[in-house]
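Single-letter residue listing:
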Amino acid sequence: MCGIVGYVGGQSAQDVVVAGLRRLEYRGYDSAGVAVPADGGLASAKKAGKLVNLEKELKDRPLPAGNTGLGHTRWATHGGPTDANAHPHLDNAGRVAVVHNGIIENFAVLREELTGRGHHLASETDTEVVAHLLAEAYSSAGELAEAMRQVCRRLEGAFTLVAVHADEPGTVVGARRNSPLVVGVGDGEMFLASDVAAFIAHTRSAIELGQDQVVELRRDGATVTGFDGHPAGTRAYHVDWDASAAEKGGYASFMLKEIADQPKAVADTLLGRIGASGALRLDEVRIPPHELRDVDKVVVVACGTAFHAGMIAKYAIEHITRLPCETELASEFRYRDPILDGRTLVVAISQSGETMDTLMALRHAREQGARVLAICNTNGSTIPRESDAVLYTHAGPEVAVASTKAFLTQLVACYLVALYLGQVRGTKWGDEIRTVVHQLSDIPRQVEAVLGTMEPVRELARTLADRDTVLFVGRHVGYPVALEGALKLKELAYMHAEGFAAGELKHGPIALVDEGLPVVVIVPSPRGRSVLHDKIVSNIQEIRARGARTVVIAEEGDEAVVPYADHLVRIPAVPTLLQPLVATVPLQVFACELATARGNEVDQPRNLAKSVTVE
Ligand code: AGP
């Protein structure tokens, strides 16, 4: 998720663009850059690190004056956060500049074509191929909008593109597919941006762009077509958000925005994972397949929510690869003198990539000769840098301290790692792997469906705001989901919440159950391991007989639970291993709403930090 700004008008393009990037910095802060057509050419500047680095660069070396330009603040997906990988990217002649948000799935093939035609690509990014393709297309099309349409017809994946050309100093061209881009309509000036936060200081008149559309901006207006060149309809609207709300996409908190972002985050994490041959590929694997075939044990290390993802990874890895898999709290791992050697694969899961407990665990594992694979959401952070291989989740920046979209994308990444190990070790055939990937590709739609039915969950949460405690129980992959639901409630509502394996209730915790105690039960599918389903229905009966107020999360069509559910929350029927991807969402919404009802600040809960960089 990156921040993009385009401008054409009477003001200094550099000033307007940089100010707009400041409003979009929450969308990405690995690097930033600007480009301005000037004096018959293109002037540009870009720097790794936060926007302030670019501002220092521009203070020392301002771009030539210009009234047209574009800018970008990056959240790295392909290629680490370096000056070379920063946007904008230019063609070899320096005549066209482009910025991009999204993932171009077929960039590897396009890159090979371009180098075969003599282009020199200076970065590791997928974006740079667009700059070179635009330069080629422009030489025949003769105008930037048509060049953009031709290039967009060749791209696969999700992308927002904005470009300028030295030969058209009064024009900015944008395009979008499955990634946001909005037009700001000013008085004698026009804006393009990832979201309205970038330009509502100048205008609140906006135009929403549709799927597969190209927009050509000039000072006096915008022309919108499809990728096929035919005129396209658009929707004009008035922005009534304030700047702060605009950064949150109109949501009251970043957490609510990030919960709503989950379908896209899951879809983006799946993009580009299947190569041309139909085989799975990870982002950066420096562990040779033969070494992965020699692995005889997997150990997952992580903290907090990432640890709960690791618990679910254990079920997936053991089921798919038949390798023994342990999941360990990173803070405990190295102090228990774990048994590790060159045939151990350690999987380190971390959203921030800077969690010291997890970093110290992987350092210990490497000292013992184990190979380390990172699952991380922050490109270029310490944990992937110190690992032998990495699979990046593409959740985009997660601003709220309570992890939501990062968790769901960690689960997706864990499934992909399990499938990749199965592929390399030959325990799964290609068609079996593609079947699971196909099931995963339907999850964004399923999560969207869950998000659309959450009003009863919000109402329930508000009625429980004055309670002292809530219990969560689950079985199999539902057990880590119960732990995650309890953690969300602890860290947001500051109330006692505890998760248990449902089978453990009779070994002690059931003594906690008294009249009216809310107990959330995550029910496994009756279609899969139905023995688990029958046992958890018995558990619900046991706690209800002792006065519990049961909040039952069960899949569509599961009628066995109805008589025992004081509150029934329906989730879509998905394969057993994938249920956490849909069952977790109601728990996130529940915790956020209950905390809000208590008057808590959900984005920055007390005593917590987004990244715990101390042991
Ligand atoms: C969960 O909502 C918290 N934000 C916390 O438990 C977090 O998951 C944990 O600190 C691990 O962080 P990481 O994924 O950045 O390593």
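Starting afresh in each chain, residues are numbered from 1 along the sequence in its written order. Given that this is a predicted model, residues contribute local features only at a pLDDT of at least 70 and side-chain atom pairs are listed and counted only at 80 or more, while totals for whole chains, interfaces and linings are drawn from all residues. Only hydrogens and water are removed before side-chain values are computed, so all heavy atoms of the structure are retained for them.

Details of unusual backbone geometry
Here the bond from His-87 into Pro-88 is cis, since omega is 5°, no more than 30 degrees from zero. The helix and strand labels rest on DSSP assignments: H or I over at least four residues marks a helix, E over at least two residues marks a strand, and numbering proceeds from the N terminus. Positionally, Pro-88 belongs in the loop between strand E4 (68–74) and strand E5 (89–90). The phi angle at His-476 is positive, at roughly 60°, despite the residue not being glycine. Relative to the elements of secondary structure, His-476 occurs in the loop between strand E21 (469–474) and helix H18 (478–493).

Details of the state of the cysteines
Throughout, disulfides are identified as pairs of cysteine sulfur atoms within 2.5 Å of each other. Scanning all chains against the criterion turns up zero disulfides. Not engaged in a disulfide, the cysteine Cys-152 finds its nearest cysteine sulfur in Cys-2; these two sulfurs lie 16 Å apart. Not engaged in a disulfide, the cysteine Cys-325 finds its nearest cysteine sulfur in Cys-414; these two sulfurs lie 9.0 Å apart.

Focus on the pairing of strand E2 (residues 31–38)
For a regular strand, side chains alternate in direction, first toward one face of the sheet and then toward the other. Note on exposure labels: buried denotes an accessible area under 20% of the residue type's maximum, exposed denotes more than 50%, and partly exposed covers the range between, all computed with a 1.4 Å probe on protein chains only. By the criterion of burial, E2 is predominantly enclosed, with eight of the eight residues buried. Neither face of E2 is open: one carries Ser-31, Gly-33, Ala-35 and Pro-37, the other Ala-32, Val-34, Val-36 and Ala-38, and all of them are buried. Following DSSP output, two strands are said to pair if at least two bridges run between them. Sheet topology places E2 next to strand E3 (residues 41–48); eight bridges connect them, and they run antiparallel. Within E3, the position partnered with Ala-35 by the bridge is Ser-44. Taken together, E2 and the strand that follows it, E3, pair antiparallel across an intervening segment of two residues, in which Asp-39 is found at a positive phi of about 55°. Sheet analysis places E2 next to E4, joined by five bridges and oriented antiparallel. Bridging across to E4, Ser-31 finds its partner in Arg-74.

Side note on the sheet that holds strand E6 (residues 96–104)
One open sheet accounts for six strands, arranged E5-E6-E7-E8-E12-E13; its pairing is antiparallel. Of all the strands in the sheet, the pair left with one neighbour each is E5 and strand E13 (221–226). The pairing of E5 with E6 spans two bridges and is antiparallel. Residue pairing across strands places His-89 opposite Val-98, the latter belonging to E6.

Quick word on the pattern of salt bridges
In the sections that follow, a salt bridge refers to a side-chain nitrogen of Lys or Arg positioned within 4 Å of a carboxyl oxygen of Asp or Glu. In this structure the tally under the stated criterion is 35 salt bridges. Between Asp-268 and Lys-264 there is a salt bridge, and its shortest N-O distance comes to 2.5 Å. On the criterion of helical spacing, the pair formed by Asp-268 and Lys-264 is a turn pair, its members being four residues apart in helix H8 (residues 262–270). Residue Lys-264 is classed as partly exposed on the basis of its relative accessible area of 36%.

What to know about the side chain of Asn-379
Along the polypeptide, Asn-379 turns up in the loop between strand E19 (371–376) and helix H13 (382–385). Polar contact is defined as a pair of N or O atoms within 3.5 Å, subject to the rule that within protein one atom must be able to donate a hydrogen and the other to accept it, and that residues adjacent in sequence are counted only when both atoms are side-chain atoms. A distance of 2.6 Å separates a polar atom in the side chain of Asn-379 from the backbone oxygen of Thr-77.

As for helix H4 (residues 128–141)
In a regular helix each residue adds 1.5 Å, so 14 residues correspond to 20 Å; H4 covers 20 Å between its end C-alpha atoms and thus fits that length. Taken as a whole, H4 has its buried residues at Glu-128, Val-129, Val-130, Ala-131, His-132, Leu-133, Leu-134, Ala-137 and Tyr-138. Looking one or two places after H4, you find Gly-142, whose phi comes out positive at around 80°. Multiply 1.5 Å by the residue count of a helix minus one, and that product is the helix's expected span.

Considering the site of the ligand
Proximity is defined per residue: any heavy atom of the residue falling within 4 Å of a molecule or strand makes that residue near it. Neighbouring residues of the ligand: 13 residues in total, closest Ser-350, Ser-352, Thr-355, Val-401 and Glu-491. At 2.7 Å from an oxygen atom of the ligand is found a side-chain nitrogen or oxygen belonging to Ser-350. Relative to its free-state accessible area of 410 Å², the ligand is covered by the protein chains to the extent of 91%. When residues of the shell around the ligand are traced back to their parent elements, those giving at least two are helix H10 (304–321) and H18. Per element, the largest residue contribution to the shell around the ligand is three residues, and it comes from H10. Note on residue classes: Ala, Val, Leu, Ile, Met, Phe, Trp, Tyr, Cys and Pro are nonpolar, Asp, Glu, Lys and Arg are charged, and everything else, Gly too, is polar. Taken together, the residues of the shell around the ligand break down into four nonpolar, seven polar and two charged. Accessible surface is estimated by sampling points in the Shrake-Rupley manner with a 1.4 Å probe; for residues, cover comes only from the protein chains shown.

Some thoughts on the packing of helix H1 (residues 13–24) against helix H2 (residues 51–60)
In this analysis an axis means a line fitted to C-alpha atoms, helices contributing only their contacting stretch, and an angle means the value between N-to-C directions, from 0 to 180 degrees. Two numbers describe how H1 lies on H2: the axes approach to 10 Å, and their chain directions differ by 165°. Considering the angle they form, H1 stands roughly antiparallel to H2. The interaxial crossing formed by H1 with H2 has left-handed handedness. Between H1 and H2, the residues in contact are Gln-14, Val-18, Leu-21 and Arg-22 and Leu-51, Val-52, Glu-55 and Leu-58, respectively. In the contact of H1 with H2, the residues fall into five nonpolar, one polar and two charged. Put simply, angles under 35 degrees are roughly parallel, angles over 145 are roughly antiparallel, angles from 65 to 115 are roughly perpendicular, and the rest are oblique. Handedness of a crossing is defined here by the sense of rotation of the near helix relative to the far one, left-handed for an anticlockwise turn of less than a right angle and right-handed for a clockwise turn. We call two residues in contact whenever any of their non-hydrogen atoms come within 4.5 Å of each other.

Thoughts on H10
For H10, built from 18 residues, the straight-helix expectation of 26 Å at 1.5 Å per residue is met to within 8% by its first-to-last C-alpha distance of 25 Å. Among the 18 residues that make up H10, 13 are buried, leaving the element largely enclosed by the rest of the structure. Positive backbone phi, approximately 60°, marks Arg-322, located one or two places after H10.

Section: the nonpolar core
In this text, buried Ala, Val, Leu, Ile, Met, Phe, Trp, Tyr and Cys residues form a nonpolar core when linked through side-chain atoms within 4.5 Å. In this structure, Val-298, Phe-472 and Leu-489 are the most contacted members of the largest nonpolar core, which totals 121 residues. In terms of residue count, the dominant contributor to this core is helix H14 (residues 405–425) (14 residues). Within the second largest apolar cluster, 28 residues are counted, among which are Val-96, Leu-114, Ala-163 and Val-173.

Thoughts on the environment of Pro-563
Mapped onto the fold, Pro-563 is located in the loop between strand E24 (549–555) and strand E25 (567–571). As for Pro-563 and Ala-486, which are separated by 77 residues in sequence, their C-alpha atoms are 25 Å apart.

Everything listed here is a matter of coordinates, which is why it stays silent on function.
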